[in-house]
Amino acid sequence: MGFRLLLIPKGREYPWRWAPFLHKGPLLMGCSPDGTISPPFEQDSPTLPMFSSDICRSVYGAYQKDVTAKQSISLRRYVGTAEELANYTANPDNIGFCTPGNNSCLPSGLLNISNCQIVDYFHIPVVVSFPHFYMADPSIISSVGGMHPVPEEHQTAVDVEPWTGQVLQAFKRLQINMYLTKVEDVSITGNIHSVFLPVFWLNESAVVDEKHAKMLHNQLFVPMEIVSVVEKVLMAVGALLVLLAIVATIRKCVKGREVQRPGSAPPLRSTDRVRERRPQGRPLNGGSVQMERGEEEPLLQDGGGAYGTAAGPADHSAP
């Protein structure tokens, strides 16, 4: 990841609020990506900070919408905002860009970069803006004929893949302007009205090619789709197993109730079987025992070794 460090010119005095790393304003967004890559896993980030070496300052893009690149890769589009180049009266954070002094703040939509662009110790009097003064103050747009700003053609946009942070599409659009004004000692400038005159505007665009888009799709999105399918299959199998367990439990309970139908005798327990084998009852005539179920069984007589029945007493005579 590329980074740039924004340095405050030596001897330059700013309010305490612009102290390094103590304020989050754009002047001191010192460590920012250079725009070629951004932090990964930023699916919901509303802004994208970056450093632009062309204008020697940190800027940020605001999320606009989702777009689609080659191989149907979904991207998040960040575009330049009017607040970045707004006058400090509209955005107090931009007071640090009023150069060379606080009384020289330009109208909204313009940025003086003469302190940034130096050739042979000479500060080039360059003022940058979006093409056709897009998002600039209406007075600036009307001061020059032929200005027709169109957002789709003149805005700066960066399309980022949110999972990796890779920039797959970028459209950097800037306009170079020269400030013309009347000079008292130069008579030829006597009829010149102060104006920001456009010199040219540039469009630096880059779009990922089919080869690298396919490589990204095969190495990132195809495995993610496989994992997603496997996850859903495992969840379905788990739900099916739980359902089968519930059905088996219900069937077992239903079968247990069908065994004990209304009007049928309950199954004999072990204690009932013992009682049936050894019935208990009160003695009848002749020494027999009446069972609870109305049955008769022979009764062993004392000292005889013979058996008697309910029909008559046992014979105790000697042989």
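Residues numbered from 1 in each chain as written. Predicted model: local features only at pLDDT ≥ 70, side-chain atom pairs only at ≥ 80, totals over all residues. Heavy atoms only, no water.

Peer 1: What exactly am I supposed to notice about the confidence of the model for the protein here?
Peer 2: In low-pLDDT regions, the fine details of the predicted coordinates are not to be read closely. Per-residue confidence for the protein averages 76 on the pLDDT scale, and 68% of its residues sit at or above 70. For the protein, per-element mean pLDDT is lowest for strand β1 (residues 3-4), which scores 40, and highest for strand β5 (residues 74-79), which scores 94. pLDDT under 50 marks residues 292-297. Its contacts with residues more than four places away, or in other chains, come to nine contacts. (pLDDT = per-residue confidence, 0-100. Helix = DSSP H or I, 4+ residues; strand = E, 2+ residues; numbered from the N terminus. Contact = heavy atoms within 4.5 Å.)

Peer 1: Is there a simple way to explain the side chain of Asn 94 in this structure?
Peer 2: By secondary structure assignment, the location of Asn 94 is in the loop between β5 and β6 (111-112). Reaching out from Asn 94, the side chain makes a polar contact with the backbone oxygen of Glu 84 at a distance of 3.3 Å. (Polar contact = N/O pair within 3.5 Å; in protein donor to acceptor, adjacent residues only side chain to side chain.)

Peer 1: Please explain the state of the cysteines as it appears in this structure.
Peer 2: Across all of its chains, the model carries two disulfides by this definition. Here Cys 56 connects covalently by a disulfide to Cys 116, the sulfurs 1.5 Å from one another. With Cys 56 in the loop between β3 (47-52) and β4 (57-68) and Cys 116 in the loop between β6 and β7 (118-119), this pair connects stretches of sequence that are 60 residues apart. Overall, the relative accessible area of 29% leaves Cys 56 in the partly exposed class. Here Cys 98 connects covalently by a disulfide to Cys 105, the sulfurs 1.6 Å from one another. Disulfide Cys 98-Cys 105: torsion about the S-S bond near 110 degrees, hence right-handed. Of the two residues, Cys 98 and Cys 105, both sit in the buried class. Cysteine pairing for the protein (bonded cysteines numbered in sequence order): 1-4, 2-3. (Disulfide = S-S within 2.5 Å. Buried < 20%, exposed > 50% of the residue type's maximum accessible area, 1.4 Å probe, protein only.)

Peer 1: What is the right way to look at the packing of aromatic side chains in this model?
Peer 2: Two descriptors summarise a pair of aromatic rings, namely the distance from one centre to the other and the angle between the planes of the rings. Applying the stated rule across the entire model yields four aromatic pairs. On the numbers, 6.3 Å between centres and 90 degrees between planes, the contact of Phe 41 with Trp 163 is edge-to-face. Linking Phe 41 in the loop between β2 (32-33) and β3 with Trp 163 in the loop between β10 (157-160) and β11 (167-180), this pair joins segments that are 122 residues apart in sequence. What makes Trp 163 partly exposed here is its relative accessible area of 37%. Against the face of Phe 97 rests Arg 57, its NZ or CZ located 4.1 Å from the ring centre. (Phe/Tyr/Trp six-rings, centres within 6.5 Å; stacked < 30°, edge-to-face > 60°. Lys NZ or Arg CZ within 6 Å of the ring centre and 35° of its normal.)

Peer 1: Mind showing me how you'd approach the pairing of strand β9 (residues 126-129) here?
Peer 2: Taken residue by residue, a regular strand's side chains alternate between the two faces of the sheet. The alternating pattern of β9 places Val 126 and Val 128 and Val 127 and Ser 129 on opposite faces, both of which are buried. As paired strands, β9 and β11 are joined by four bridges and run antiparallel to one another. Across the sheet, Ser 129 pairs through a bridge with Gln 175, a residue of β11. (Pairing = 2+ DSSP bridges.)

Peer 1: Hey, could you run me through the pattern of salt bridges in this one?
Peer 2: Note that side chains of opposite charge can pair when their charged atoms are close. Taken as a whole, this structure holds three salt bridges when the rule is applied. Two residues, Asp 54 and Lys 172, come together in a salt bridge whose shortest N-O distance is 2.4 Å. Placement of Asp 54 in the loop between β3 and β4 and of Lys 172 in strand β11 is noted, with a sequence separation of 118 residues between them. Of the residues examined, Lys 172 reaches a relative accessible area of 27% and is grouped as partly exposed. Residue Lys 172 pairs with Glu 204 through a salt bridge whose shortest N-O separation is 3.1 Å. Placement of Lys 172 in strand β11 and of Glu 204 in strand β12 (residues 195-207) is noted, with a sequence separation of 32 residues between them. (Salt bridge = Lys/Arg side-chain N within 4 Å of Asp/Glu carboxyl O.)

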